[in-house]
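Okay, here's what each chain looks like letter by letter:
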Amino acid sequence: MLKKITTYIKEGLVFYAIEICDTSSDKQYHIIEVIKKKGELIISKEKTITKVEDIPSFIDKKDSPLFLCMNTKNVVTKLTPLNSNKNPEAIVHSIFPNLSFDNFYYQISQTKINTIISIVKKGEINALLEKLKTLKLLVTNFSLGISNLTAITSYTQENQIYTSNSKIHLENNSIVSISDLTDKNNFNIISDLKVANNSILGFSSVINYISKGTQNLTNFSAISEDLENEFKNKRFFNLLLKSFLILVLSILVINFLIFSHYFSKVEVLETTLSANTINKEHLQKLKTKVEKKEEFVNTLLSAANSKSSYYTDQIAQSIPNTILLDEIRYQPFVKPVRESKPIEVKSNIITVSGKTISGHDFSLWIETVEKLDWVISVKTYDYDYNSKNTSNFSIKINMYEDEE
């Protein structure tokens, strides 16, 4: 897993390659996009364009490796039999005597049979690299001619490989000769993958880079190393920048969610506080009423010898916690008291009014009162809902007549 992560950071999963070749009228740029998926390489896109300025529109991921294959008529490639000479400059001079290494780049690829030598003027490569840089394209590495084909010759069973302008003849997976290509629409079979002739050099550059295969001898290894380091630094910076932005956005989202969570809680608390303030005022009023009623009850209790005190005492003792009395009237007036009018009372009657928060407890209380030995009957003549949990009630208790 760590190796996969490290590889992704260094190079990613998408690769681009450009082969530059000549036609009778102008240059052509054969571009491919290669994707690494489940350990396999897939050519996802390929296109041929004639203007270098159009290349950036094809490359979607600018921080992916980009390989340049210089295969124009100015690149001279020759084959020579394999020899034991290990000095690359001596090998080049054996084919190109008196070549100035100050003015030319060379690349040497060796097979089991032959040595492939490609040369090109430095000015052509340097100008192209600068042009691509102005287009904000950073080349990871470049190759000359068919040098990188040696990376894929072992993956084909065919006796030839077709490039955009040449037919490469193989023997025992080694390049033995090069001839001009007459048919421009050819395909190559590389490990069961069908690769067009215009894409084969670019694809072989990708294979060579990923597999760390053919180590070609060049006089531009320092430039290649600088290009690769610059690419890796750019990719690392872009990944770091993206990761930082994702981290910042994640923190902002988390902060927003936390803020929203606690803001909702604060709103609930404020609402609760407001409701509690109202309830506190209401409770204070109820407390005042309760104190008055307690005073009234205490007054009734103080008259222990009176029947009214006895009756109200028994009623009070039977009241459950869910019932709060507002008023008890012993033998209430028939009519309001008026001047010059006789006072009439309802004999043997007690009226009780109050509030209850439990209809069930209220019903049980009525039954309890009805069982008192001095009670004939209990009648509820008023019962209505005051709020969701509270109901007002009024009852009338009929008593046995007093004995003289």
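Residues numbered from 1 in each chain as written. Predicted model: local features only at pLDDT ≥ 70, side-chain atom pairs only at ≥ 80, totals over all residues. Heavy atoms only, no water.

**Examining the nonpolar core**
Stage number 1. The biggest cluster of nonpolar side chains holds 28 residues, and the ones touching the most others in it are Ile 18, Ile 55, Leu 68, Ile 125, Leu 132, Phe 142 and Leu 144.
Stage number 2. Secondary structure elements with two or more residues in this core: β1 (14–22), β2 (27–37), α2 (55–58), β4 (66–70), α4 (122–134) and β8 (141–144).
Stage number 3. When neighbours within four sequence positions are excluded, Ile 125 is seen to be in contact with Met 70, Tyr 105, Val 120, Phe 142 and Leu 144.
Stage number 4. Judged by nonpolar contacts, the second largest core, of 26 residues, contains Ile 32, Phe 67, Cys 69 and Phe 203. (Core = buried A, V, L, I, M, F, W, Y, C linked by side-chain atoms within 4.5 Å. Buried < 20%, exposed > 50% of the residue type's maximum accessible area, 1.4 Å probe, protein only. Helix = DSSP H or I, 4+ residues; strand = E, 2+ residues; numbered from the N terminus. Contact = heavy atoms within 4.5 Å.)

**Regarding the sheet that holds strand β5 (residues 76–81)**
Stage number 1. Strands sit in the order β5-β7-β6-β14 across an open sheet of four strands; the sheet is antiparallel. In the strand order of this sheet, the two ends are held by β5 and β14 (217–218), each with one partner.
Stage number 2. When strand β6 (residues 104–110) meets strand β7 (residues 114–121), the two strands line up antiparallel, connected through seven bridges. Within β7, the position partnered with Tyr 105 by the bridge is Val 120.
Stage number 3. Across the sheet, α4 touches β6 and β7, and the angle it forms with β7 is around 70°. (Pairing = 2+ DSSP bridges. Axes fitted to C-alpha atoms, helices over the stretch in contact; angles between N-to-C directions.)

**Considering the environment of Ser 250**
Stage number 1. For Ser 250, the position within the fold is in helix α6 (residues 221–302).
Stage number 2. In this structure the C-alpha to C-alpha distance between Ser 250 and Leu 79, which are 171 residues apart in sequence, comes to 58 Å.
Stage number 3. Polar side-chain contacts of Ser 250 include one of 2.7 Å to the backbone oxygen of Ile 246. (Polar contact = N/O pair within 3.5 Å; in protein donor to acceptor, adjacent residues only side chain to side chain.)

**What to know about the packing of aromatic side chains**
Ring pairs (aromatic) are described by centroid distance and by the angle formed between their planes.
Stage number 1. Per the counting criterion, the structure on display carries 15 aromatic pairs.
Stage number 2. A ring pair is formed by Tyr 383 and Tyr 385, whose centres lie 6.3 Å apart and whose planes are at 80°; its orientation type is edge-to-face.
Stage number 3. On the basis of relative accessible area, Tyr 385 is assigned to the exposed category, the value being 66%.
Stage number 4. An aromatic cluster is built from Phe 362, Trp 365, Tyr 383, Tyr 385 and Phe 393, whose rings are joined through pairwise contacts.
Stage number 5. The lysine or arginine in question, Lys 45, covers the ring of Phe 58, its NZ or CZ lying 4.7 Å from the ring centre.
Stage number 6. Above the plane of the ring of Phe 187 lies Lys 194, whose end atom (NZ or CZ) is 4.6 Å from the centre. (Phe/Tyr/Trp six-rings, centres within 6.5 Å; stacked < 30°, edge-to-face > 60°. Lys NZ or Arg CZ within 6 Å of the ring centre and 35° of its normal.)

**Observations concerning the side chain of Thr 80**
Stage number 1. Within the element layout of this structure, Thr 80 appears in strand β5.
Stage number 2. Looking at Thr 80, the relative accessible area reads 10%, which means it is buried.
Stage number 3. Not counting the four nearest positions on each side in its chain, Thr 80 is found in contact with Ile 95, Asn 114, Thr 115 and Ile 117.

**Description of the side chain of Asn 186**
Stage number 1. Secondary-structure assignment places Asn 186 in the loop between β11 (174–180) and β12 (187–190).
Stage number 2. What makes Asn 186 buried here is its relative accessible area of 13%.

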